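Remarks on the overall topology
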Amino acid sequence: MKMGKIRPQFSVAAVLLLISLVIFVVTAVATGEMAQFSLQGITGLLQRMVALGLVAVGQTFVILVASIDLSVAAVISGTAVLASWMMGGDPAMIVPAVLLCLGFALAVGLVNGALVAFGGINPLIATLGTGLILQGVLSAGYGLLGGSVAPAFQHLAYGSLFGIPWSVLALFGLGLAMAFVLNRTVLGARIFAVGGNPEGARLAGIRTGWVILTAHVICSLFAGLAGLYLAARVQAGTPWLGRDGIYDLESIAVTVIGGTLLAGGKGGIAGTLAGVFLFASLDASFNMLGIDAFLKQVLRGFIIIVAVAVHAIRGRGHVA
Amino acid sequence: MNPALEMREISKEFPGVRALDAVSFDCLPGEVHAICGENGAGKSTLMKVLGGSYRPDAGEIRIGGSVMRLTHPREAAQAGIAIIHQELSLLPHRSVTENIFMGHELVRKGFAGMLLDRAAMRGRAVALLQRVGARISPDDIVAELSIAEQQLVEIAKALLLDARILVLDEPTAALDDRDARHLLDLIRALRGQGVALVYISHRMPEVAAIADRVTVLKDGRLVWTRPQAEATIPAIVSAMVGRDLKDFYPAAPASAPGETVLQLQDVRAAGLPGISLSLRRGEILGVAGLEDSGKGQLARLLAGDLRPEGGTARLAGEPMPLGNPRRVIAAGLGYLPADRKREGLTLRQSVRDNAALALRAMRPAWARPGAGVFAKEALDAGLSRMDVRAAHYGQDIGALSGGNQQKAIIARWLALDPAVLLFVEPTRGIDIAAKAAIYQTMRDTADQGRGIIVVSSDLPELIGISDRILVMHRGTIQGELPRGASEQEIMRLSLGVAA
């Protein structure tokens, strides 16, 4: 049997990984920060990926069905606030709080998915709307929702196994699982079909609405996980946690940098995680160089534009 | 033998048009049945009824002898009907295997039927590709295949679902000769395997070579169905065009046309290997051709919407700046597109705004609004000269009839006093009475010393209005006919049959 061609998706991921490593290594060597190459340095770098990585894995699913989710930042803040409030420092409340948070994320995903798939509302507007509503309710209700997570729960953010943080293991484990879902399951095949040619998918008998709804639920659940992780990190969630991290726009940016088409139907998890790794390496490098926060943002903006321009030029001829 | 497919007395009416009038059609297993007809004869409506996209107003469909009600494309597919359209429904970024199995993936036992059985799918894909004679790998990405190969993937998709009725709509339109021959071989092979094949094509030599029976449709009615021996090319052509000319075209001009106003010399562009033509003031030049003849490309080229790759063009005595709509307009050509709603009008704006569109585009942005040529009075005068009928000219143009919309667009261009007007399908979707008014306006504007080009699929219209007709075939001008040419002559040239 002839070997299958290597999916372009993997080559995009490999190139991004290589570029990120070069940036990181060169900066570390140039600034003489050799400590960056210790196990601690490397895991520190990887830990920078966790929150954005979780959101971006979910975002990849909605973008693959040619939708988008702008409400992820509000979902992150919402789960973080809910988790802190419900635990109130009591370890016995960890499980109920986690269930409540995931239930909340699931509900938001169902609403987003229903609006987009069955309400016929443009996803940009629908998820902007749900995001604004959540943000408003959270900000207004924050006075009543104070509290902090149980100390044991913080283990999620700071604990590790053989020197590798739990959170990093969780990100890569979940990433692998979702890549499996995309490439080896019927759901994955239908996600690519719906994003690649909605009319063709419909004529092939695929219930496109349900596929889009499922993608939105997956996206919101991953945003919820990111919210739980951040709550564990900061101890007490605030309504501005997601917004200040720009998780909505950055998750879209890394997904597109990773080679997923905004028009849907092409892309995958490997590229997205490579895009997240690029952002993490840049952040670490900017820190080593002591670049000021505003200039950091300017450089990030340039990098997003360059990366997407490279994709546009590579894919010329059949950019959807 | 029982027919695989029987359509009995199918009728379908759209507002104002009887698209199908009691048309009957059948196809046997192991038979190629060709459907011929001009644009608008009802071929695609009939196939949309068969594919479950349209519900017929009357008539019944039998598949393998039993009556079927096809209300959704999915039901048609389940009944064993596969329609291969000119626009393919593939996933460009996915592999051939993934495309063939879209929506019908094979799964492994257990795991709640959620895990793909990729090895099994790849294996069946290899077998299907072999059956359609495609020399491609099941792992190839579809976007990297040629159109011909993509079409074979589409046919493989149909065979996976065990389609017993396969409809091919102009399958060779986008193919070169060699690929077209391969496709015909495949069709013969499928016929040998007992598939019922419905073949829609404008290419007469192909129809003659492949069809066992031929059906001709005209104006939504069945003209005849004949076995191949009795369906000669001349018989098909005359059945396709046999229609009375209606007497509402303006008379030919009394005087001879003036100087040359537009001239193309060996202009080349995508899909147009070399176009030379000339147009004189006072002349109406018709351009005929079938759907894939390149007449649409020629219109886009003249309108500046298609980049030329060589050759020279002159308009009103100056070199013509092709490849840029704005500069073409500035040089003196007004374009009235076929799809008025999408390309011609700003539907939610007033009649007056629509009439002012070209003026506003071409005059400086700092020109005083509401004064000079922009004055309400000037715009309204132009509209009433064209006899545009509206409650008032501040009304949304979307509320007007097609005929009045078209007249408003003519007024828009006349405000710029162009040397040449280019009409594409000028009376599509316009009722009979308004058609006559449009034709008279075209004649009048020509008589004022302008050159007019009419690109149309409506042969009686072209014959009635044109002083001269160019017939296109495969991107070139196949021939030129004088005023008074017959539909047969045009059809023969547009089918590529030597005159």
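Residues numbered from 1 in each chain as written. Chains lettered and ligands numbered in written order. Predicted model: local features only at pLDDT ≥ 70, side-chain atom pairs only at ≥ 80, totals over all residues.

**Section: the overall build of chain A**
Looking only at helices and strands, chain A has 15 helices and 2 strands in total. In summary, chain A has a C-alpha radius of gyration of 20 Å against a globular reference of 20 Å for 320 residues, a match within 12%. Along the three orthogonal principal directions, the C-alpha set of chain A runs to about 55 × 50 × 40 Å. Taking all contacts inside chain A whose residues are at least 6 apart in sequence as the whole, residues at least 24 apart take part in 79%. (Helix = DSSP H or I, 4+ residues; strand = E, 2+ residues; numbered from the N terminus. Rg over C-alpha atoms; globule rule 2.2 N^0.38 Å. Contact = placed C-beta atoms within 7 Å.)

**Thoughts on the overall build of chain B**
Secondary structure assignment for chain B yields 17 helices and 20 strands. The C-alpha atoms of chain B give 25 Å as radius of gyration, which agrees with the globular expectation for 499 residues (23 Å, within 12%). Expressed as a percentage of its 499 residues, the buried residues of chain B come to 46%. Long-range contacts, defined here as pairs at least 24 residues apart, represent 67% of the contacts in chain B between residues at least 6 apart. (Buried ≥ 20, exposed ≤ 12 C-beta atoms within 10 Å, placed from the backbone.)

**Observations concerning helix α8 (residues 166-184) of chain A**
Residue and element names in this part refer to chain A. With 19 residues, α8 should cover 27 Å at 1.5 Å per step; its first-to-last C-alpha distance of 26 Å lies within 8% of that length. Among all positions of α8, only Ser167, Val168, Leu171, Gly175, Met178 and Leu182 are buried. One face of α8 carries all of its buried residues, which in axial projection span an arc of 100°. Every exposed residue of α8 that faces more than 90 degrees away from the buried side is listed here: Gly173 and Ala177. (Expected span 1.5 Å × (residues − 1). Arc of directions from axis to C-beta.)

**Some remarks on the domain arrangement of chain B**
Size of an interface: often given as the accessible area lost when the parts come together. All names here are of chain B. Taken domain by domain, chain B comprises domain 1 (5-241) and domain 2 (260-494). Taking the mean C-alpha position of each, domain 1 and domain 2 sit 36 Å from one another. In this assembly, 10 residues from domain 1 lie in contact with 10 residues from domain 2. For the side of domain 1 that touches domain 2, the per-class residue count stands at 4 nonpolar, 4 polar and 2 charged. (Domains from an automatic or database assignment. Nonpolar A, V, L, I, M, F, W, Y, C, P; charged D, E, K, R; others polar.)

**Things to note about the interface of chain A and chain B**
In this complex, chain A contributes 22 residues to the contact, which on the side of chain B involves 21 residues. For the side of chain A that touches chain B, the leading source of residues is helix α9 (residues 186-196) of chain A, giving 6 residues. Grouping the amino acids of the side of chain A that touches chain B by side-chain chemistry returns 9 nonpolar, 8 polar and 5 charged.

**A short note on unusual backbone geometry**
Within the chain, alanine 66 of chain A stands out as a residue other than glycine whose phi angle is a positive 65°. At glutamate 170 of chain B, a position not held by glycine, the phi torsion is positive, near 50°. Residue position: glutamate 170 of chain B is located in the loop between β7 (165-169) and α6 (177-192).

**Some points on the sheet that holds strand β2 (residues 17-27) of chain B**
Residue and element names in this part refer to chain B. Ordered in space as β2-β1-β4-β5, the 4 strands form an open sheet in which the pairing is antiparallel. Edge positions in the open sheet fall to β2 and β5 (66-68), since each of these has one partner strand only. The average undirected angle you get between the axes of adjacent strands in this sheet is 30°. Bridge analysis of strand β1 (residues 5-14) against β2 gives 7 bridges, and the strand direction is antiparallel. (Pairing = 2+ DSSP bridges. Axes fitted to C-alpha atoms, helices over the stretch in contact; angles between N-to-C directions.)

**A few points about the nonpolar core**
Residues Ala226 of chain A together with Leu422 and Ile453 of chain B are the most contacted members of the largest nonpolar core, which totals 247 residues. Ranked by residue count, the leading element in this core is helix α11 (residues 208-234) of chain A, at 17 residues. Each of domain 1 (5-241) and domain 2 (260-494) of chain B gives at least three residues to this core. Apart from the residues lying within four places of it in its own chain, the contact partners of isoleucine 453 of chain B are Leu279, Leu285, Val287, Leu302, Val420, Leu422 and Phe423 of chain B. (Core = buried A, V, L, I, M, F, W, Y, C linked by C-beta atoms within 7 Å.)

**A word on the sheet that holds strand β15 (residues 318-319) of chain B**
All names here are of chain B. Spatial strand order, β12-β11-β14-β15: 4 strands in an open sheet with antiparallel pairing. At either margin of the open sheet sits one strand with a lone partner, and together these are β12 (272-280) and β15. Direction of pairing for strand β14 (residues 308-315) relative to β15: antiparallel, over a ladder of 2 bridges. Its bridge partner being in β15, leucine 315 is matched across the sheet by glutamate 318. Where helix α9 (residues 295-302) meets the sheet, it contacts β11 (260-269), β12 and β14, and its direction lies at approximately 65° from that of β12.

**Here we look at the packing of helix α12 (residues 351-362) of chain B against helix α14 (residues 402-414) of chain B**
All names here are of chain B. Packing of α12 against α14 leaves a shortest axis separation of 7 Å and a crossing angle of 40°. In terms of their interaxial angle, α12 and α14 are classed as oblique. Regarding α12 and α14, the two cross each other, and that crossing is right-handed. In this structure, α12 uses Val351, Asn354, Ala355, Leu357 and Ala358 to contact α14, whose residues at the interface are Ala408, Ala411, Arg412 and Trp413. Across the contact of α12 with α14, the residue classes tally to 7 nonpolar, 1 polar and 1 charged. (Parallel < 35°, antiparallel > 145°, perpendicular 65-115°, else oblique. Left-handed = near helix turned anticlockwise from the far one by under 90°.)

**Comments concerning α6 of chain B**
One turn of an α-helix holds 3.6 residues; hence residues three or four places apart share an orientation. Residue and element names in this part refer to chain B. The end-to-end C-alpha distance of α6, which contains 16 residues, comes to 23 Å, matching closely the 22 Å that a straight helix rising 1.5 Å per residue would cover. Among all positions of α6, only Leu183, Ile187 and Leu190 are buried. Buried positions in α6, seen along its axis, are confined to an arc of 65° and lie on one side of it. Within α6, the exposed residues directed more than 90 degrees away from the buried face are Asp177, Arg178, Asp185 and Gly192. Contacts from the buried residues of α6 go to β3 (32-36), β7, β8 (196-200) and α7 (204-210). With its phi angle positive at about 90°, glycine 194 sits one or two positions after the end of α6.

**Regarding the packing of helix α4 (residues 72-87) of chain A against helix α13 (residues 247-257) of chain A**
Residue and element names in this part refer to chain A. The interhelical angle for the contact between α4 and α13, taken along N-to-C directions, is 125°, at an axis separation of 7 Å. Looking at the two axes, α4 sits oblique to α13. Here Val72, Ala73 and Ile76 of α4 lie close against α13, whose contacting residues are Tyr247, Asp248 and Ser251. Of the residues belonging to the contact of α4 with α13, the class tally is 4 nonpolar, 1 polar and 1 charged.

**Quick notes on the pairing of β3 of chain B**
All names here are of chain B. By the criterion of burial, β3 is predominantly enclosed, with 5 of the 5 residues buried. Residues of β3 alternate between two faces, with Val32, Ala34 and Cys36 on one and His33 and Ile35 on the opposite face, all of them buried. In terms of strand pairing, β3 meets β8 through 4 bridges, oriented parallel. Pairing of histidine 33 across the sheet is with valine 198, part of β8. The sheet contact formed by β3 and strand β9 (residues 213-218) spans 4 bridges and is parallel. Counted as the bridge partner of alanine 34 is valine 214 from β9.

**Re the environment of arginine 190 of chain A**
Checked against the element boundaries, arginine 190 of chain A lands in helix α9. Residue classification places arginine 190 of chain A among the buried positions, given that 23 C-beta atoms sit within 10 Å.

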